[in-house]
Structures are given as structure tokens and as C-alpha cells.
Amino acid sequence: MTTLRSWLFAALVAVLFGGCTMKKPPETEAYVVVFKTPQWRFADTGYIRKGDGVAELEVFEAGQRILRLQVETLVCTEGEGCLSKSAFNAKYLSADYPDDLFYHLLRGEAIMERKNLVHTDAGFEQNIGGIVYRVTPEQIYFKDFEHGILIKFKRLQ
């Protein structure tokens, strides 16, 4: 009987304390956001939010939100709805890109299966064909010379 009580007490404690744990809130950071793609051309202030399995970008011009992208299993934009990641790439970036490329850019993570990844004192760099990708604590920089695409997030202090 004491074994059963001990087990029930342990289960109750686990439920009480386990049920009270909260998900880590998304990390939000402010950036100067530069986009030069066939579809978008702007350099404005924005925010990147990173949570479990999700990344979100909001861009503001003169205090008005001009872009909101949420990347999870789909890429969702205000006014246009949701697209698969490959459809988003084809429409706004390049159909040649892997599906998760933009998600990894927003999170400052290595891209294209970590191909040509070189760690530096300040972060890392990847040079893949005509693509230069650098991540440091101050900046996320992606330049594709072949497709004429520049995406840069410079952290605001």
C-alpha cells in the first residue's frame, strides 16, 4: 500500500509541476531588413521572432507594417494567404532553393545541409556556388549573385 501511495504521490507531483511548465516565449529581435529580390525591394525596420519550429518576420515603413511572414510548415503572408515553402521560394526568391532556406535565414542557421560551412571568430560563413551567406551576432547576410538576391538583417541595438 505504501508503494502505491508513493507512486500516486510522485504522479501527482509530476502532473502538478509538469502541467505548470510554460513554453518558452518566442525570442524577438529588431533589425534593419534589406530585401532586394525580383518581387521585393525595401530597406526598413523589422522584427524577427523565433520560437519552437516557427520563424516570423515583420517589416515596418514609417510605423506601418508593410510585410508579415510566418514560416512554419507553410509560409503565410497577410493578404496573400499561405504557400508551401517551395511555392514561396518560386514566387519570391528562386525555385532552385531548398524548401527550408528562408526559415533557416530568419533563424540565422546554416543552410543547404551545412554545405561548405566555415566557422569564424564571429559566427560562420558558407560559400555555395554564387551564394555568400554569413551569420554574425550583428548581422545575417545572404547574397545570391546568380539570381540577383540580397537579404540582409542587421541587428539594431
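Just so it is clear, the structure is predicted and the values come from calculations on it, not from any experiment. (Residues numbered from 1 in each chain as written. Predicted model: local features only at pLDDT ≥ 70, side-chain atom pairs only at ≥ 80, totals over all residues. Heavy atoms only, no water.)

Observations regarding the nonpolar core
Nonpolar side chains in soluble globular proteins tend to be buried together. The biggest cluster of nonpolar side chains holds 34 residues, and the ones touching the most others in it are F35, L57, F102, F142, I151 and F153. If you tally residues by element for this core, the top one is helix 3 (residues 101-107), at five residues. Beyond its immediate stretch of four places on either side in the chain, F142 contacts Y97, L101, L105, I111, I131, V132, Y133, I149, L150 and I151. (Core = buried A, V, L, I, M, F, W, Y, C linked by side-chain atoms within 4.5 Å. Buried < 20%, exposed > 50% of the residue type's maximum accessible area, 1.4 Å probe, protein only. Helix = DSSP H or I, 4+ residues; strand = E, 2+ residues; numbered from the N terminus. Contact = heavy atoms within 4.5 Å.)

Quick word on the state of the cysteines
Note on terminology: disulfide describes a covalent bond linking the sulfur atoms of two cysteines. Across all of its chains, the model carries one disulfide by this definition. Residue pairing for C76: its cysteine sulfur links by disulfide to C82, the two sulfurs lying 2.0 Å apart. Where C76 bonds to C82 through sulfur, the torsion about that S-S bond is close to 105°, and the disulfide is right-handed. Overall, C82 belongs to the partly exposed group, its relative accessible area being 43%. (Disulfide = S-S within 2.5 Å.)

Observations regarding the confidence of the model for the protein chain
Averaged over all residues, the pLDDT of the protein chain equals 88, while 84% of them reach at least 70. Scored below 50 in pLDDT, residues 12-16 shows two contacts in the model against residues more than four places distant or in partner chains. (pLDDT = per-residue confidence, 0-100.)

Considerations on the sheet that holds strand 7 (residues 117-119)
The 11 strands lie next to each other as 6-5-4-3-2-1-11-10-9-8-7, forming an open sheet whose pairing is antiparallel. Each edge of the open sheet carries a strand with a single partner, namely strand 6 (81-83) and strand 7. Ignoring strand direction, the axes of neighbouring strands in this sheet form an average angle of 20°. Contacts from helix 2 (residues 85-92) reach strand 4 (64-71), strand 5 (75-77) and strand 6 within the one sheet, and its direction differs from that of strand 6 by about 100°. (Pairing = 2+ DSSP bridges. Axes fitted to C-alpha atoms, helices over the stretch in contact; angles between N-to-C directions.)

So, the pairing of strand 9 (residues 131-135)
In terms of burial, strand 9 is a largely internal element, four of the five residues being buried. With five bridges joining them, strand 8 (residues 124-128) and strand 9 adopt antiparallel strand pairing. By the bridge assignment, Q126 is partnered in strand 9 with Y133. Two elements, strand 9 and strand 10 (residues 139-144), share five bridges in a ladder whose sense is antiparallel. Within the sheet, the bridge partner assigned to R134 lies in strand 10 and is Y141.

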